[in-house]
Amino acid sequence: MECLEKENWCYRLLRDDEKYYLEVLCGSVALYEIRVQLSKSEINEYIKYGKIFCTKKAEEVRKNPQNFINMKVDE
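Engineer: Explain the overall build of the chain to me, and be specific about the residues and the numbers.
Structural biologist: Across its full length, the chain carries two helices and four strands. Mapped in sequence order, the helices and strands of the chain form the string β-β-β-β-α-α. What you see for the chain is a C-alpha radius of gyration of 11 Å, in line with the 11 Å of a compact globule of 75 residues. In terms of overall dimensions, the chain has C-alpha extents of about 35 × 25 × 20 Å along its principal axes. Residues classed as buried in the chain amount to 36% of the 75 residues present. Here the chain holds 13 positive side-chain charges and 14 negative ones, and the gap between their average locations is 3 Å.

Engineer: Outline the environment of C3, supporting the account with residue identities and numerical values.
Structural biologist: Summarising the element assignment, C3 is placed in strand β1 (residues 2–7). Separated by 41 residues in the primary sequence, C3 and N44 have C-alpha atoms spaced 17 Å apart.

The rules behind these values
Residues numbered from 1 in each chain as written. Predicted model: local features only at pLDDT ≥ 70, side-chain atom pairs only at ≥ 80, totals over all residues. Heavy atoms only, no water. Helix = DSSP H or I, 4+ residues; strand = E, 2+ residues; numbered from the N terminus. Rg over C-alpha atoms; globule rule 2.2 N^0.38 Å. Buried < 20%, exposed > 50% of the residue type's maximum accessible area, 1.4 Å probe, protein only. Lys, Arg positive; Asp, Glu negative; His and termini not counted. Charge placed at Lys NZ, Arg CZ, Asp CG, Glu CD.

Next comes the structure, spelled out in structure tokens:
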């Protein structure tokens with residue numbers, strides 16, 4: 001897997017062939033990661049906006065991790 005973008009203590013954007021994954025560090029006292037696979041439209045947003053997209057999407061996941069639990073991808 002290739003790391004395309006990285007913000008320490010925040011997120012990593014990974015690519016595995018055609019699939020893109022955003023790993024987001026969540027929590028306050030206990031830290032945990034949520035890895036979600038990006039949809040085609042989200043990939044296009046990343047291509048268009050780059051790191052800005054990653055930062056906004058990571059913030060969305062971090063603020064409401066319960067909304068992304070069902071989308072979580074195992075490593």
